[in-house]
Structures are given as structure tokens and as C-alpha cells.
Amino acid sequence: MTTPPDPFRARAGEYSVNMALRGLIGLARLIPYRRRVPLMGWVTARIVAPLAGYSRRVRENLAHVRPDLPASEVRRLARAVPDNAGRGMIELYSPEFAERARYSPVAGPGMEAVRAARAEGRPVIFVTAHFGSFNAARVAMIEQGFDLGVFYRPLKNRYFNTHYTAAMGALSQPMFEQGKRGMVQMVKHLRGGGVLAILNDLNAHGGVPLDFFGAPALTSLVTAELALKFDAPLVPVWGIRRENGLDFDIHVEEPILPSDPVTMTQAFNDRLEVQVRARMDQWFWIHRRWKDGTGEMADRGAERIAELAGGG
């Protein structure tokens, strides 16, 4: 018989991790920005990632979908991926980040379609991923005149999530938390012609198994379903980190052609894969993206695909 987890021990563990991270962030903020960001990347890659198992998870994910990579590249990515994650974390807690990111160059074939939709009073859905810096893309698009609402998944650590969410909210409002209440608020926002940003690259309970890097990954259809329901262009946008590690280029792709939720969501996975293959170190390989790509959840998702295909 499995022993149930101790709620007090779980809370104490979360609180300890929260305090350690908050202390690290507080110390980092004492350092000038140009040194702070690369230093936090280094600390995350060299100290936090090995201790937390992040480096191992990067290697496991790469072995799952990119077994062709040479060992030297796997070693590089096991450090480069947490480095990017550490930079992104401290950027979120740095006031200098927003001032810098808002002036990132924004370009791409999707800008014309986005501006046309706004001129017509139609909602727009930007879909992105944990790639480069989605917050840089968010800030830059606000500077372009798009008042973004953000749909987000809260962190599992309840203590860290409190101030993490506050930091996210300081970049832009409104924010819609995953769940029934957040979904109702988000639908109201879109119905009023609002602009929304959603990250759609996490293992999604309730999603369907779609291809990503040649392997099934449980993927949410909600983003595409909302785009179809509200006649909103579904536009992939990427905040690509430059070689200097501090600045970004924002690329806005052509909207995904409206068809059905499965086809549209697979198109997003395909476009994200193109971006990740070009810059492997900028995607969040730490996440267990393929965790439920097979098994009971995936089987239920496959049944849903069959129902949608049959018009059920």
C-alpha cells in the first residue's frame, strides 16, 4: 500500500525551494543588468540544473527524439538550455528587461494580417512557446500597440507562484489563470475583440497526441478551438534570443490557416519544431513534453481525435 504524501512536508519543501530561489534572485538583482543575466544563466546551468535534475531531463528528452545528436552536442545543450532558462527567470524579475525588450525589432509576414484584424475589430490570438523569451515577444508586441491578455498555467510551487505571477502581471494585464474562472474571463476578453497570447508547448492533460519531433506529445486543442470560435487569426510569434544573450528579435509568422482544431494545432507543432531545430538551445527541453504521449491519457486523446474526425 502506498503511503500518502505528508502535506506539511510537501509545503515545507515548496517553501524551502521558494526561499532559496528568492534569495538567489535578490542577490542577483544587486549586480548590474549586463552581468546579472549571464551570471544567472551560469548559476542555473552549472549549479541548479545538475542538483535539480534538469540536466538529466534535457539528456533524456534529447535521447527520446534526437538520438542522432553527437555526445558533444548533448553535453552542450545540457548546459545551454538551463542557461537560457536562468536568463529568462532573472529577466522577469529585472525592471531593466521590459525597458530593453520593448524596443526589440518586430518583423515577419504575419504583421499585415494582425493589423488588418485589429482594424476590423476582430480578436487576435498569438500562440507561442517556451522558446527564446516569450516575455520579450509579449513586451515588444505591447509596444507595437497590441494590449495583450495572457493565459497561463500556475506553477506547482504555491509560494513561488505568488510572486512569479505578480512579476508576470507587472509586464501586462489582463492575465487569465488556467481553470474554469480564467477560461470564462478569457472568452469574455476575446468576445470583446481582445488580443490574447497563449503558450501551447506543454504536456497537456486533456489534450490529444500529436507529432512533435517525430514522437507523440499530448497537446491542447483549446487555442485552435478559440481561434475558430471567435474568427481570430492564430498567429505564431517567437522571441528569439540574440547571440549577445541580452537582446531579442521578434518574428511574427503568417497566421495558421483555419481548418479544424487538430490540423491547426499540428501546424503549430510543426512550425515550433522548425524554430527549435534551428536554435536547439533556446527551447525548454527541461519539460517532460512527451510524458503522456502514450498511455491512458493519449488513448483518450486519440478517441477525441476520432470523434472530431467523425463529426461527433
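Our structure is the block above this text.
So, here's what we can say about the structure. (Residues numbered from 1 in each chain as written. Predicted model: local features only at pLDDT ≥ 70, side-chain atom pairs only at ≥ 80, totals over all residues. Heavy atoms only, no water.)

1. Here's the deal with the overall build of the protein
So the rule is basically this: Runs of H or I in DSSP of at least four residues are treated as helices and runs of E of at least two as strands, each being numbered from the N terminus. In this setup the radius of gyration rests on C-alpha atoms only. A globule is expected at 2.2 Å times the number of residues raised to 0.38. Whether a residue is buried, partly exposed or exposed follows from its accessible area with a 1.4 Å probe, protein chains only, as a fraction of its type maximum: under 20%, in between, or over 50%, in that order. Only heavy atoms enter the contact rule, under which two residues are in contact if any of them lie within 4.5 Å. All accessible-area figures derive from a Shrake-Rupley calculation using a 1.4 Å probe, and residue coverage is judged against the displayed protein chains alone.
On a plain count of helices and strands, the protein comes out with 12 helices and nine strands. On C-alpha atoms alone, the protein measures out to a radius of gyration of 19 Å, which is about the 20 Å that the 2.2 N^0.38 rule sets for 312 residues. Dimensions of the protein, computed from C-alpha atoms along their principal axes, come out at roughly 55 × 50 × 45 Å. Counting the 312 residues in the protein, one finds 50% classified as buried. Across the protein, contacts joining residues at least 24 apart in sequence account for 76% of those joining residues at least 6 apart. Accessible surface, the protein as shown: approximately 15,400 Å² in total, 56% of it carbon and sulfur.

2. Remarks on the environment of Pro-123
Tracing the backbone through its elements, the reader meets Pro-123 in the loop between helix 6 (111-119) and strand 2 (124-128). Measuring from C-alpha to C-alpha, the distance between Pro-123 and Pro-154 comes to 24 Å, with 31 residues separating the pair along the chain. Leaving out residues up to four positions away in the same chain, Pro-123 has contacts with Arg-118, Leu-190, Gly-193, Gly-194, Phe-230, Asp-231, Ala-232 and Pro-233.

3. Quick notes on the environment of Glu-112
Along the chain, Glu-112 falls in helix 6. Taking the C-alpha atoms as reference points, Glu-112 and Val-252, separated by 140 residues in sequence, lie 9.7 Å from one another.

4. Comments concerning helix 8 (residues 158-171)
Inclusion rule: Between the first and last residue of a helix there are one fewer steps than residues, each counted as 1.5 Å, and that sum is the expected span. Polar contacts here mean pairs of N or O atoms no more than 3.5 Å apart (in protein, one a potential hydrogen donor and the other a potential acceptor; neighbouring residues in sequence count only if both atoms are side-chain atoms).
Its 14 residues give helix 8 an end-to-end C-alpha distance of 20 Å, which sits within 8% of 20 Å, the value for a rise of 1.5 Å per residue. All buried positions along helix 8 are accounted for by Phe-160, Asn-161, His-163, Tyr-164, Thr-165, Ala-167, Met-168, Gly-169 and Leu-171. Looking at the buried residues of helix 8, the elements they touch are helix 1 (7-28), helix 4 (71-92), helix 5 (95-101), helix 7 (134-143), strand 3 (148-152) and strand 4 (175-177). Taking the backbone nitrogen of Tyr-159 as reference, a side-chain oxygen 3.1 Å away marks Asn-157 as the first, capping residue of helix 8.

5. Thoughts on the pattern of salt bridges
Formally: Every case where a carboxyl oxygen of Asp or Glu lies within 4 Å of a side-chain nitrogen of Lys or Arg is listed as a salt bridge.
As enumerated under the stated definition, the model contains 18 salt bridges in all. In this structure, the salt-bridge partner of Arg-100 is Asp-247, at a minimum N-O distance of 2.5 Å. Here the residue Arg-100 occupies a position in helix 5, and Asp-247 occupies one in the loop between strand 8 (234-241) and strand 9 (248-252), the gap between them amounting to 147 residues. According to the relative accessible area criterion, Arg-100 is partly exposed, its value standing at 26%. Given a relative accessible area of 17%, Asp-247 falls into the buried group. It is possible to trace a salt-bridge network through shared partners that takes in Glu-73, Arg-76 and Asp-281.

6. Considerations on the sheet that holds strand 8
Put simply, the test is: Strands are treated as partners if at least two bridges between them are detected by DSSP.
On the basis of which strands lie adjacent, the open sheet formed by seven strands has the order 1-9-8-2-5-3-4 and mixed pairing. Every interior strand has two partners, whereas the edge strands, strand 1 (106-107) and strand 4, have only one. As judged from the five bridges shared by strand 2 and strand 5 (residues 195-199), these two strands associate in the parallel manner. Across the sheet, Val-127 pairs through a bridge with Ile-198, a residue of strand 5.

7. Regarding unusual backbone geometry
Each neighbour pair has its own omega, and for Gln-173 with Pro-174 the value is 5°, a cis peptide bond. One can find Pro-174 in the loop between helix 8 and strand 4. Backbone geometry places Phe-213, a non-glycine residue, at a positive phi of 60°. Positive phi outside glycine occurs at Asp-231, with the angle close to 50°. Relative to the assigned elements, Asp-231 resides in the loop between helix 10 (222-229) and strand 8.

8. With respect to the nonpolar core
Just so we agree on the cut-off: Side-chain atoms within 4.5 Å link the members of a nonpolar core, which is a set of buried Ala, Val, Leu, Ile, Met, Phe, Trp, Tyr and Cys residues.
Core analysis: the biggest nonpolar cluster contains 41 residues, and Phe-126, Met-141, Phe-146, Ile-250 and Val-252 have the highest contact counts within it. The greatest single-element share of this core, amounting to six residues, is contributed by helix 7. In contact with Val-252, other than residues within four places in its own chain, are Val-106, Ala-107, Gly-108, Pro-109, Gly-110, Met-111, Phe-126, Met-141, Val-235, Pro-236 and Val-237. If you look at the next biggest cluster of nonpolar residues, it comprises 40 residues, including Phe-151, Ala-224, Ala-227 and Trp-238.

9. Here we look at the side chain of Glu-14
Tracing the chain through its elements places Glu-14 in helix 1. Glu-14 gets classed as buried once you look at its relative accessible area, which sits at 16%. A distance of 2.7 Å separates the side chain of Glu-14 from the side chain of Arg-158, its partner in a polar contact. Setting aside residues up to four positions removed in sequence, Glu-14 forms contacts with Lys-156, Asn-157, Arg-158 and Tyr-159.

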